[in-house]
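Architecture and fold: a report
Given next are the chains, with one letter for each unit.
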Amino acid sequence: MNARSIGRSPGPGTDGTTAGFKKQNLERSRMSSIELTPSQKNILQELVNLYRESESAVKGEDIADKVDRNPGTIRNQMQSLKALQLVEGVPGPKGGYKPTATAYDALQIQDMDQAADVPLAHNGEAVPSANVEEINLTSVHHPEECRAEIQLQGSIADFHEGDTITVGPTPLSKLQIIGELEGKDDTNNVLIMTIDDMRAPAGEPEH
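My aim in this report is to walk through the structure given alongside it, one point at a time.

The rules behind the values
Residues numbered from 1 in each chain as written. Predicted model: local features only at pLDDT ≥ 70, side-chain atom pairs only at ≥ 80, totals over all residues. Heavy atoms only, no water. Salt bridge = Lys/Arg side-chain N within 4 Å of Asp/Glu carboxyl O. Helix = DSSP H or I, 4+ residues; strand = E, 2+ residues; numbered from the N terminus. Expected span 1.5 Å × (residues − 1). Buried < 20%, exposed > 50% of the residue type's maximum accessible area, 1.4 Å probe, protein only. Arc of directions from axis to C-beta. Contact = heavy atoms within 4.5 Å. Polar contact = N/O pair within 3.5 Å; in protein donor to acceptor, adjacent residues only side chain to side chain. Pairing = 2+ DSSP bridges.

**So, the pattern of salt bridges**
One pass over the structure, following the stated rule, counts 1 salt bridge. Put simply, Glu182 and Arg147 hold a salt bridge, and the shortest N to O gap is 2.8 Å. One end of the pair, Glu182, is in strand β8 (residues 176-185); the other, Arg147, is in strand β6 (residues 147-153), with 35 residues separating them in the sequence.

What follows is the structure in structure tokens.
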């Protein structure tokens, strides 16, 4: 009996492979709740940004330049991101990495084709490669300290403290926010700005 039960005990282990596949599928459907380390998130975000700009596989060296890490570190991180089905490896001389659809879910951003078109200007010049994903207004009870957190699709590497940022107009409310860059959250691709002016057009026909 003992021998038989010992013989059976690997059974759940072999079953574990099926459970593994089920777990992967479950994770794919709930990928937005996956916990990425700040480093993984940063690398994945830059991969998405570079892939959107080039629309072709991104080399590890290019990501390494953006996040200021050595290519070996990027390769190691990519292995774990591949295991999480967030990244695909592309073989060949023009190969590299590209994000999967699941990567967009994990970063809680939409693919560019579906994103609303909210323009962004940096020091008075439009930034066509940047797309505003989300606007969070903070300190609304203290307008004199009002700040906005702007989540972008697109690299925020060229934005610096003190730069003038204009966001909008937004598609529905036509809201436009003008202010000065106070700081950046590189991990989440967020610009933090102090609001100097918020305006929505007067005399809109819709109520």
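**Section: helix α5 (residues 71-83)**
Counted at 1.5 Å a residue, the expected span for α5 with its 13 residues is 18 Å, and the 19 Å between its end C-alpha atoms agrees. Taken together, the buried positions of α5 are Ile74, Gln77, Met78 and Leu81. Looking straight down α5, one finds its buried side chains confined to an arc of 110°; they lie on one side. Exposed side chains of α5 directed beyond 90 degrees from the buried face belong to Asn76 and Ala83. Check the buried side of α5 and you find it contacts α3 (38-54), α4 (60-67), β1 (87-90) and β2 (96-99). For α5, the N-terminal cap is Asn70; the gap from its side-chain oxygen to the backbone nitrogen of Gly72 is 3.0 Å. Where α5 terminates, the next one or two residues include Gln85, which has phi positive at roughly 65°.

**Focus: the environment of Ala130**
With respect to the helices and strands, Ala130 occurs in the loop between β4 (125-126) and β5 (131-138). Note on Ala130: relative accessible area 8%, which makes it buried. With 11 residues separating them along the chain, Ala130 and Pro119 place their C-alpha atoms 7.8 Å apart. In this structure, Ala130 is in contact with Leu120, Leu152 and Gln153, ignoring residues within four places of it in sequence.

**Considering the side chain of Gln153**
Along the polypeptide, Gln153 turns up in strand β6. A polar side-chain atom of Gln153 sits 3.5 Å from a polar atom in the side chain of Arg52. Within the structure, Gln153 has its side chain in polar contact with the side chain of Glu133 (distance 2.7 Å).

**A closer look at the side chain of Ser155**
Tracing the backbone through its elements, the reader meets Ser155 in the loop between β6 and β7 (164-167). Here Ser155 falls in the buried class, since its relative accessible area comes to 17%. Engagement of the side chain of Ser155 in a polar contact is seen with the backbone nitrogen of Ala157, the distance being 3.2 Å.

**Brief notes about the pairing of strand β9 (residues 190-199)**
In this structure, β6 lies alongside β9, joined through 5 bridges in antiparallel fashion. Along β9, the bridge assignment pairs Glu149 with Ile192. Pairing analysis gives 9 bridges linking β8 to β9, with the strands arranged antiparallel. The partner of Ile177 across the bridge, within β9, is Met198.

Function cannot be read off these values alone, since they describe shape.
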